[in-house]
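Each chain, letter by letter, is given below.
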Amino acid sequence: MKHQTTVLAGALATMLLASHASAAELRIGTAAEPSSLDPHYHNLTPNNTLRRHIFESLVDQDAKQRLIPALAESWRTLDDKTWEFKLRKGVKFHDGSEFTAQDFVYTLCRIPNVANSPSSFTLYTKGIDSIEVPDPHTIIVKTAAPYPLLPVEMTTFGIISAKAAGGEGVTFDKAGCKADSWPSTQAFNDGTLAIGTGPFKLAEYRKGERVVLERNPDYWGEKPEWDKVTFRPITSDGPRVAALLAGDVDMVDEPPLQDLERLRKDPKVSVVETMSNRVVYLALDQAEKTPTISGTDGKNPLRDIRVRQALSLAIDRGAIVKRIMNNTAEPAAQLLAPGLFGTNPDLKVAYDPNKAKQLLAEAGYPNGFELTIGTPNDRYINDEKIAQAVAQMYSRIGIKTQVDAATVNVFFSRRNKGEFSVFLAGWSAATGEASSPLKSLVATRIKEKGFGPTNYTGYSNPKLDDLLTQALATVDDAAREKLLAEAMKVVSDDVAILPLHYEVTSWAMRKGLSYAPRADQYTLAASVRSAK
């Protein structure tokens, strides 16, 4: 079937693109779809992408993740532990109600009260100690310690309407806000509470089929070009490219690597790309008991650092980048691409299967063991193929390895239940710096600090937690960067998680459209322009 799809796409490439829709309509084919329209439910790139169309944050980021004003016109420190945000006046929610400081307060209170959140946004709100509202358009945020990343973290979550949700009387309490009830995720999915301040309004949501947005005529900022935007999830690579070439969509994200060169040469198509902030990694369960490993007399071999070292040494990251990613990626030695804030330039990874076999024998597994790797098959670029390649590499050192692949929603549900000993996933650093993956993926789960919300491995190192805590309280950029780089080394020395590669993200669109490629991988309809 995949071969037939590729042939179809190839045949279509020789045809004229069909007449595109009117300039007022934009149709986008996406490689993944959001798990929900709830802006606080799941800290996941497809969700965060769609959120930005409907719900805005206090502060935003440009294509290179530099801070820009959004619902807050300005921000400043009053002292090391106090920040003042001046809110934009005259902003209306989609239902016509006025945006005020109370909406921010209610949003902050609601985030930790989202039922069954697979990856909570408390990661970005736990640093807030108290809030004062001297007037409807001023917010004073106090932190228990100096917290230099506060404006950056204000970019990560969308503001919902307190009035629409019945939260006009809710006040902030770090120990736990009080409300009669909290909005359900379903209330956002069915459109009842899909009321933001963003450039687009929700018109229709059919899970698995489409999300339709309409231009917000009362938007405070630059009006988007498009009256209507339709996002269609087309998770199979061939059909996604075929839809573009046939004119069924105007733009696609993540065009398959094997088609990129052909698309670049097509006179009717434009391709843009950039290095992303996403690392694709393997997570290793280090709990006492683990579910998908056998042949070890009930022991979890992943608790032994020699086994983890062996698993890393067995992976030929260069071969994965070359053969599976078609050189549209970079091998990874840490959880964020080198050169970004807080990364460690000295970290390296090696490929040495002989050394891997030696370490397995020293750890007491000279004949290896049996292992299953869990992976999504429609979330990251060539995710299942990467997992299969790693499985073959592990089999070569004596670890008989199988792959258990599932669609993204099924995979995340099973991962969250702890059904995998090893799983493949990705992380995009929403803040553009190293504390994002460190705080979420490998810090010890400490709820009151917002540490470890996506740590599904049981890994815990007090030294890492201490370095991260210090970094998040250090205002001096140079000192903070040094602490984060040291924390990265701790994770690397422990082989706590296995970074594989950093994705290079591509977009393809019909000629006549332009898009500035984004490091955060977001496909934002308001930033798509047509030639005049």
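Residues numbered from 1 in each chain as written. Predicted model: local features only at pLDDT ≥ 70, side-chain atom pairs only at ≥ 80, totals over all residues. Heavy atoms only, no water.

As for the side chain of Thr 401
Step number 1: Among the secondary structure elements, Thr 401 is positioned in strand E16 (residues 400-406).
Step number 2: Leave out the neighbours within four places in its chain, and Thr 401 touches Leu 371, Ile 373, Ala 391, Tyr 394 and Ser 395. (Helix = DSSP H or I, 4+ residues; strand = E, 2+ residues; numbered from the N terminus. Contact = heavy atoms within 4.5 Å.)

Focus: the side chain of Ser 270
Step number 1: Within the secondary structure, Ser 270 is located in strand E12 (residues 269-284).
Step number 2: Leaving out residues up to four positions away in the same chain, Ser 270 has contacts with Trp 507, Ala 508, Met 509, Lys 511 and Leu 513.

Focus: the sheet that holds strand E7 (residues 138-143)
Step number 1: Within the open sheet, the 4 strands sit side by side as E4-E5-E7-E6. Their pairing is antiparallel. Edge strands, defined here as strands with exactly one partner in the open sheet, are strand E4 (72-79) and strand E6 (128-135). In this sheet, neighbouring strand axes are inclined to one another by 20 degrees on average, regardless of whether the strands run parallel or antiparallel.
Step number 2: Bridging between E6 and E7 involves 5 bridges; their strand directions are antiparallel. Bridge assignment links Asp 135 to a residue of E7, and that residue is Thr 138.
Step number 3: Most of the contacts of helix H3 (residues 101-110) go to E6, to which it runs at about 160 degrees, and overall it touches strand E5 (82-87), E6 and E7. (Pairing = 2+ DSSP bridges. Axes fitted to C-alpha atoms, helices over the stretch in contact; angles between N-to-C directions.)

Comments concerning the environment of Ala 165
Step number 1: Checked against the element boundaries, Ala 165 lands in helix H5 (residues 162-165).
Step number 2: For the pair Ala 165 and Thr 292, spaced 127 residues apart in sequence, the C-alpha to C-alpha distance is 43 Å.
Step number 3: The residues contacting Ala 165, other than those within four sequence positions of it, are Tyr 106, Pro 183 and Leu 193.

Some words on the state of the cysteines
Step number 1: One pass over the full model with this rule turns up 1 disulfide.
Step number 2: At a sulfur-sulfur separation of 2.1 Å, the disulfide partner of Cys 109 is Cys 177. Disulfide Cys 109 to Cys 177: torsion about the S-S bond roughly -70 degrees, handedness left-handed. Placement of the pair is Cys 109 in helix H3 and Cys 177 in the loop between H5 and helix H6 (185-189), with a sequence separation of 68 residues. (Disulfide = S-S within 2.5 Å.)

With respect to empty space enclosed by the protein
Step number 1: Tallied over the entire structure, the rule returns 3 cavities of 30 Å³ or more.
Step number 2: When its volume is computed, the largest cavity comes out at roughly 270 Å³.
Step number 3: In this structure, the largest cavity is lined by 24 residues; those nearest its centre are Thr 30, Ala 32, Pro 46, Thr 49 and Asp 253.
Step number 4: Taken together, the elements giving at least two residues each to the lining of the largest cavity come down to helix H2 (45-54), strand E9 (210-215) and strand E10 (228-233).
Step number 5: Of all the elements, H2 adds the most residues to the lining of the largest cavity, at 5 residues.
Step number 6: Of the residues belonging to the lining of the largest cavity, the class tally is 8 nonpolar, 8 polar and 8 charged.
Step number 7: In this structure, the second largest cavity occupies an estimated 200 Å³ of space.
Step number 8: Looking at the second largest cavity, it is lined by 23 residues, and the ones nearest its centre are Asn 43, Leu 44, Gly 426, Trp 427 and Ser 428.
Step number 9: Among the elements of the structure, H2, E12, helix H13 (408-416) and strand E17 (422-428) are those that each provide at least two residues to the lining of the second largest cavity.
Step number 10: The leading source of residues in the lining of the second largest cavity is E17, at 4 residues. (1 Å grid on protein atoms, 1.4 Å probe; cavity = no way out; pocket = protein on both sides within 12 Å on 5 of 7 lines; lining within 4 Å. Points joined across faces, edges and corners; volume = space filled by probe spheres on them. Nonpolar A, V, L, I, M, F, W, Y, C, P; charged D, E, K, R; others polar.)

Side note on the pairing of E17
Step number 1: Across the 7 residues that make up E17, a large majority, 7, are buried.
Step number 2: Taking every second residue as pointing to the same face, both faces of E17 are buried, with Val 422, Leu 424, Gly 426 and Ser 428 on one and Phe 423, Ala 425 and Trp 427 on the other.
Step number 3: By the bridge criterion, 7 bridges tie E12 to E17 in an arrangement that is antiparallel. Counterpart to Leu 284 in the pairing with E17 is Val 422.
Step number 4: Pairing analysis gives 2 bridges linking strand E15 (residues 370-376) to E17, with the strands arranged parallel. (Buried < 20%, exposed > 50% of the residue type's maximum accessible area, 1.4 Å probe, protein only.)

A few points about the packing of aromatic side chains
Step number 1: Taken as a whole, this structure holds 10 aromatic pairs when the rule is applied.
Step number 2: Pairing Phe 411 with Phe 423 gives two aromatic rings, centres 6.1 Å apart and planes at 65 degrees, and the pair type is edge-to-face. Note that Phe 411 is positioned in helix H13 and Phe 423 in strand E17, a separation of 12 residues in sequence. Judged on exposure class, the residue Phe 411 and its partner Phe 423 are both buried.
Step number 3: Pairwise contacts between aromatic rings join Phe 411, Phe 412, Phe 420 and Phe 423 into one cluster. (Phe/Tyr/Trp six-rings, centres within 6.5 Å; stacked < 30°, edge-to-face > 60°.)

Remarks on unusual backbone geometry
Step number 1: You will see that Glu 254, though not glycine, has its phi angle at about 50 degrees, which is positive.
Step number 2: With respect to the secondary-structure elements, Glu 254 resides in the loop between strand E11 (251-253) and helix H8 (257-265).
Step number 3: One non-glycine residue, Asn 327, lies in the positive phi region at around 65 degrees.
Step number 4: As for its placement among the helices and strands, Asn 327 is situated in the loop between helix H10 (317-324) and strand E14 (329-331).

Quick notes on the pattern of salt bridges
Between side chains of opposite charge, pairing is possible as soon as their charged atoms come close.
Step number 1: Using the criterion set out here, one finds 24 salt bridges in the structure.
Step number 2: With a closest N to O distance of 3.7 Å, Glu 73 and Arg 88 form a salt bridge. Highlighted residues: Glu 73 in strand E4 and Arg 88 in the loop between E5 and H3, separated in sequence by 15 residues.
Step number 3: Residue Glu 73 is classed as partly exposed on the basis of its relative accessible area of 44%.
Step number 4: Counted as one network, the salt bridges with shared partners bring together Glu 204, Arg 206, Glu 209 and Arg 210. (Salt bridge = Lys/Arg side-chain N within 4 Å of Asp/Glu carboxyl O.)

Section: the nonpolar core
If you look at soluble globular proteins, the nonpolar side chains tend to sit buried side by side.
Step number 1: Residues Leu 58, Phe 85, Phe 104, Leu 282, Tyr 394, Leu 438 and Val 442 are the most contacted members of the largest nonpolar core, which totals 113 residues.
Step number 2: Excluding residues that lie within four positions of it along the chain, Leu 438 makes contacts with Ala 443, Leu 464, Leu 468, Leu 484, Ala 487, Met 488 and Val 491.
Step number 3: Core analysis: the next-biggest nonpolar cluster, separate from the first, contains 31 residues, Leu 26, Tyr 106, Leu 193 and Met 251 among them. (Core = buried A, V, L, I, M, F, W, Y, C linked by side-chain atoms within 4.5 Å.)

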